[in-house]
Structures are given as structure tokens and as C-alpha cells.
Amino acid sequence: MHRSIKHNRLSHAYLFSGPKGAGKKKMAKHLTEAIFCLRQDGDSCGECKNCRLIEEGNHLDVHWVQPERNIIRKEQIKDLQKKFSYRAAESNHKVYIMEEADKMNQEATNALLKFLEEPPAGVVAILLTSNIHGLLPTILSRCQIISFNAPSPEAITKQLEQEGVRPGLARAAAQIAHDLEEARTLCQTESFAQMRSLVIQLSEDIMERGTYALVTIHDKLLKQEKDPDKIDLFLDLLLLWFRDLLLFLLGQESQITNNDQMEPIQKQALRISQRRLVEGMGTILVTKNRLTHYANLQLSLEDMVLRLQEG
Ligand SMILES: [Zn+2]
């Protein structure tokens, strides 16, 4: 793509297609920067005035279109056309990036089609979608389609390990996050390693079947953490831990995520049955679901712990 910028052979419409977290938005930004970059070597330098304005979302010749209440409407396309009828403010190019382009309604699609058929000089369209089947073939035929794949958890793990993250933590982050950047951010969050230690301790307490598990939930989690995203992360880690115990019992040790914690895994797994682990994973999933529906946090977690202990 850099070559086509350098030789001024840009398509006037691109469609980036691929799942969430595959890097479509990042690439759209990168391509846009490359188009406007003052160094004009076909790439984005990330440092010049134009690159920085685009990074901050403040470049006058770059427009982002996003669904409003889950729909992209005709007015948004008209608005775009109006903006693009003026001369470019700072260069010969204008770029618009449409996120979730499949969310256009019929009228918006028709308006965009016309715009794509008769593009003003220097205008580049970048459409993004994770649902290419939601776009009409007439739109697709006017775009150069570029497919993106989400990196596998294995690839993410490998990359994080190369960056110095502890193997078990890297694998856990790769399983939970949607993409490399999210996984990297998780690993850099101080509470991530702490959360995992807490999960291992809670599981140990649950096996003891005493009252410690409830105390642990209260003192170590509820008293310190009210952020729903962090609680959800805690439950994701607990789910992974139960899965690891099950994998150990099934003799599938190579699949284990927290593979730097084999000692506690072995110790705990030998005290619990496969059936209880499977039921436990169900209980954790139900709790995750209840909390997304704003169930009471404390009651839900207490209920979960008691169920995990009963098993
Ligand atoms: Zn630049």
C-alpha cells in the first residue's frame, strides 16, 4: 500500500473487512497519515504536524463517520458530501473513514453509492466492517477490499513473551483480550498479576470449603474493587483457572493457560472432580452474565462462591 501512495495510485475507495480487534481502525489511521504525511515517502512518520493532527482526530481534511444509535443515516452522508464540496483545507486530499459501514440504512447506502460513483478529485473513502455480508454488492464492487485477520491467542502470547511478560500471564492475557494491544495493556496493568494471585487463592479457599472463600471475596476483592470491568476480568481469570484444573485432570497439560503455576494447579485439581469443575465453570459464566444485567455485585459474588463450594 505504501508503494501505491508514493506513486499516487491510490484507490478512491477501500473496504477493510475483518473481525473486531484485527487492527482495521489502526490501519485506517495509518493509511490516512501516510496520505497526508509531510515527509511524503509513502509511509506515516507519526511525528509531523499532519500525522499528529490525524492521530488526535483534529485534521480538517479527515472525517470520521460512526453509527449514531447503531445506524448510519443519510444525513451523515449528506453532511460528508457538503464538507467535501469545499476545497481541501491543507492539501489536495480529503479522506473519510466510516466505521461499521454495514450499519448504513438503505437511504444512506444509496447516498453513499452516488458519492462513490462520482468521487470528487482527491477524495479517498475507507470503509470498515466486521460484517461484510451486511453491505450491498454494489458498494463492494466499488471498493478495493482488504481483509484483516485477528491474530491467534498463540501469536499474541508469543509476542508478549518476547516483550518480557511472564509466560502464564501472557497466555492468560491472550485468552481474555481481543487483540494484541488489549492483551499488552492488561499485562501492564499492575492489578492483573494481583488479580490472578487472588483467583488462585480464592480457588484454594473454595476447595477448603470453609468460610475463608467468602472472607477472601469481601476483603481482597469487594472492599478494593468497584470497577465492573475489573470484576469481569476477575471472573474471566477464575474461569480460565477452573478450565486449567479441568485440563489437568483430563491429561491435557499442554493446553493449560497458567502454565507457570503448575504446582497449585496440580495440588488443587487432585482435590476436585471433573463434574464439579464443569458445573463451576457454568456457575462463573452465569455470574458474569448476571452482572452484565446489573445484578447486585456483592450478592452475586457471594452466591457464586457458595455454589462453587457446594458443587
Ligand atoms: Zn508524518
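Residues numbered from 1 in each chain as written. Predicted model: local features only at pLDDT ≥ 70, side-chain atom pairs only at ≥ 80, totals over all residues. Heavy atoms only, no water.

1. Remarks on the overall build of the chain
Phase 1 of the analysis: Broken down by element type, the chain carries 15 helices and 5 strands.
Phase 2 of the analysis: Scaling as 2.2 N^0.38, a compact globule of 311 residues should have a C-alpha radius of gyration of about 19 Å, whereas the chain reaches 25 Å, well beyond that.
Phase 3 of the analysis: Projected onto the principal axes, the alpha-carbon positions of the chain cover approximately 75 × 40 × 35 Å.
Phase 4 of the analysis: Accessible surface for the chain amounts to roughly 16700 Å². Of this, 48% is attributable to carbon and sulfur atoms. (Helix = DSSP H or I, 4+ residues; strand = E, 2+ residues; numbered from the N terminus. Rg over C-alpha atoms; globule rule 2.2 N^0.38 Å. Areas by Shrake-Rupley, 256 points an atom, 1.4 Å probe, with all protein chains shown as cover.)

2. Quick word on the nonpolar core
Phase 1 of the analysis: Among the nonpolar cores identified, the biggest contains 51 residues, and Phe192, Phe234 and Leu301 are the most heavily contacted of them.
Phase 2 of the analysis: Take this core: its biggest share by element is 14 residues, from helix H12 (residues 228–249).
Phase 3 of the analysis: The contacts of leucine 301, once residues within four sequence positions are left out, are Ile217, Leu221, Leu222, Ile231, Leu235, Thr287 and Leu291.
Phase 4 of the analysis: With 23 residues, the next largest nonpolar core counts Leu15, Phe84, Ala125 and Ile139 among its residues. (Core = buried A, V, L, I, M, F, W, Y, C linked by side-chain atoms within 4.5 Å. Buried < 20%, exposed > 50% of the residue type's maximum accessible area, 1.4 Å probe, protein only. Contact = heavy atoms within 4.5 Å.)

3. Looking at the coordination of the zinc ion
Phase 1 of the analysis: Distances from the zinc ion to its protein donors, namely Cys37 (SG), Cys45 (SG), Cys48 (SG) and Cys51 (SG), fall within the range 2.3 to 2.4 Å.
Phase 2 of the analysis: Bound by 4 donor atoms, the zinc ion shows angles of 103 to 117° at the metal and therefore tetrahedral coordination geometry.
Phase 3 of the analysis: In the primary structure, the donors to the zinc ion are separated according to the pattern C-x7-C-x2-C-x2-C. In this pair, the class of cysteine 45 matches that of cysteine 48, namely buried. (Donors = N, O, S within 2.8 Å, 3.2 Å for Na, K, Ca; no water. Tetrahedral: all angles 85-135°; square planar, octahedral: opposite > 155°, others 65-115°.)

4. Digging into the domain arrangement of the chain
Phase 1 of the analysis: Partitioning the chain into structural domains gives domain 1 (2–147) and domain 2 (189–310).
Phase 2 of the analysis: Between the C-alpha centres of domain 1 and domain 2 there is a distance of 44 Å. (Domains from an automatic or database assignment.)

5. Considerations on the pairing of strand S1 (residues 13–17)
Phase 1 of the analysis: The buried fraction of S1 is high, at 5 of 5 residues.
Phase 2 of the analysis: Because side chains alternate across S1, one face comprises the buried residues Ala13, Leu15 and Ser17, and the other comprises Tyr14 and Phe16, equally buried.
Phase 3 of the analysis: One ladder, built from 5 bridges, connects S1 with strand S4 (residues 123–129); its direction is parallel. Across the sheet, residue phenylalanine 16 finds its bridge partner in S4, namely leucine 128.
Phase 4 of the analysis: By the bridge criterion, 4 bridges tie S1 to strand S5 (residues 144–147) in an arrangement that is parallel. Across the sheet, the residue bridging to tyrosine 14 is glutamine 144, located in S5. (Pairing = 2+ DSSP bridges.)

6. A closer look at helix H7 (residues 153–162)
Phase 1 of the analysis: Along H7, the residues classified as buried are Ile156, Thr157 and Leu160. The arc that holds every buried residue of H7, seen down its axis, measures 100°, which confines them to one face. Turned more than 90 degrees away from the buried face of H7 sit Glu154, Lys158 and Gln162, all of them exposed.
Phase 2 of the analysis: Its buried side turned inward, H7 meets helix H8 (167–176) and helix H9 (180–188). (Arc of directions from axis to C-beta.)

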